[in-house]
Structure formats: structure tokens, C-alpha cells
Amino acid sequence: ADTGQISRYETAKMTPGADVVVKIAEALDVSCDHLLVDDAPRRPFRAPDAQLGDRIAGLDQLDPDDWTALNHILDALIAKNRVRNALRDAR
């Protein structure tokens, strides 16, 4: 992009399209939401380890019983960590 185009984005005279937002985010190594939302936390453009994201993307393929089992596992892990944190804070 030329400097005039960037200036128009910076002065809000022009709004970049989604493809431009992605290119800017990638160039600055920040997430797109960081550019678009005032209070969005700064995160890298790409997660250092995308394994969790790949797994999450596959969740829509789970059958209902597996989905229920996964929710129970997540609930148990969350509860365990809450108890651990409460015990730590009580010390």
C-alpha cells in the first residue's frame, strides 16, 4: 500500500476491507481483533502452537455422546482448578 492509502486509513477517511485488515495484522504480528476492537488484547497474528485451534476446529464433528463427555471433562478440569486456586488462596 502506498503512504497516501495508509494515511487515509489512519485519518478514517477510508476503511480498509477485510483482506487489507488481515495483511496489516500479519505485517504488525497482531490479531485482527486487536486492530478492530478498542479494548482487544494484543496477541500475535498466529498462535505459536496452533494444535489447540486445530482441535477446536474439529469439535463440530463429534457425535452428541462424545460432545457430552467432552463437556463433562472440561467441567471437571475447571472445577479442579477452582478448588486448587481456592486452597492456594486460603494459605
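Bear in mind the structure is a predicted one, so any value in this text is a computation, not a measurement. (Residues numbered from 1 in each chain as written. Predicted model: local features only at pLDDT ≥ 70, side-chain atom pairs only at ≥ 80, totals over all residues. Heavy atoms only, no water.)

Draft legend 1. Quick look at the overall build of the chain. Across its full length, the chain holds five helices and zero strands. Listing every helix and strand of the chain by position from the N terminus yields α-α-α-α-α. A globule of 91 residues ought to have a C-alpha radius of gyration of about 12 Å, yet the chain, at 20 Å, is considerably larger. For the chain, the proportion of its 91 residues judged to be buried stands at 8%. (Helix = DSSP H or I, 4+ residues; strand = E, 2+ residues; numbered from the N terminus. Rg over C-alpha atoms; globule rule 2.2 N^0.38 Å. Buried < 20%, exposed > 50% of the residue type's maximum accessible area, 1.4 Å probe, protein only.)

Draft legend 2. Broad picture of the side chain of glutamine 5. When you line up the elements, glutamine 5 lands in helix α1 (residues 3-10). By relative accessible area, which is 16% here, glutamine 5 ends up buried. Polar contacts involving the side chain of glutamine 5 include one to the side chain of tyrosine 9, which spans 3.0 Å. (Polar contact = N/O pair within 3.5 Å; in protein donor to acceptor, adjacent residues only side chain to side chain.)

Draft legend 3. View of the environment of cysteine 32. Tracing the backbone shows cysteine 32 in helix α3 (residues 32-36). Through-space distance from the C-alpha of cysteine 32 to that of alanine 18 is 9.2 Å; in sequence the pair is 14 residues apart. Excluding residues within four positions of it along the chain, cysteine 32 makes contact with Val21, Val22, Ala25 and Phe45. (Contact = heavy atoms within 4.5 Å.)

Draft legend 4. Fine view of the side chain of serine 31. Along the chain, the position of serine 31 falls in the loop between α2 (18-28) and α3. Since its relative accessible area comes to 8%, serine 31 is described here as buried. Here aspartate 33 takes part through its side chain, which lies 2.3 Å from a polar atom of the side chain of serine 31. If sequence neighbours within four positions are ignored, serine 31 has contacts with Ala25, Pro41, Arg43, Pro44 and Phe45.

Draft legend 5. Molecular detail of helix α5 (residues 64-90). Spanning 27 residues, α5 covers 39 Å between terminal C-alpha atoms, matching the ideal 39 Å at 1.5 Å per step. Between the side-chain oxygen at the start of α5 and the backbone nitrogen of aspartate 65 there is a gap of 3.0 Å, and the oxygen is on aspartate 63. (Expected span 1.5 Å × (residues − 1).)

Draft legend 6. Seen up close, a nonpolar patch on the surface. Taken together, the side chains of Ile24, Leu28, Leu35, Leu36 and Val37 present a nonpolar region at the surface, about 420 Å² in accessible area. Broken down by secondary-structure element, the contributors of at least two residues to the nonpolar patch are α2 and α3. With respect to the secondary-structure elements, leucine 28 resides in helix α2. For leucine 28, a relative accessible area of 49% translates into the label partly exposed. (Patch = residues over 30% accessible without salt bridge, like charges linked within 9 Å, V, L, I, M, F, W, Y side chains within 5 Å. Areas by Shrake-Rupley, 256 points an atom, 1.4 Å probe, with all protein chains shown as cover. Salt bridge = Lys/Arg side-chain N within 4 Å of Asp/Glu carboxyl O.)

Draft legend 7. Quick look at unusual backbone geometry. In this model, alanine 12 sits at a positive phi of 60°, which is unusual for a non-glycine residue. Positive phi is not limited to glycine here, since aspartate 29 has a value of about 55°. For aspartate 29, the location among the structural elements is in the loop between α2 and α3. Its relative accessible area of 42% is what places aspartate 29 among the partly exposed residues.

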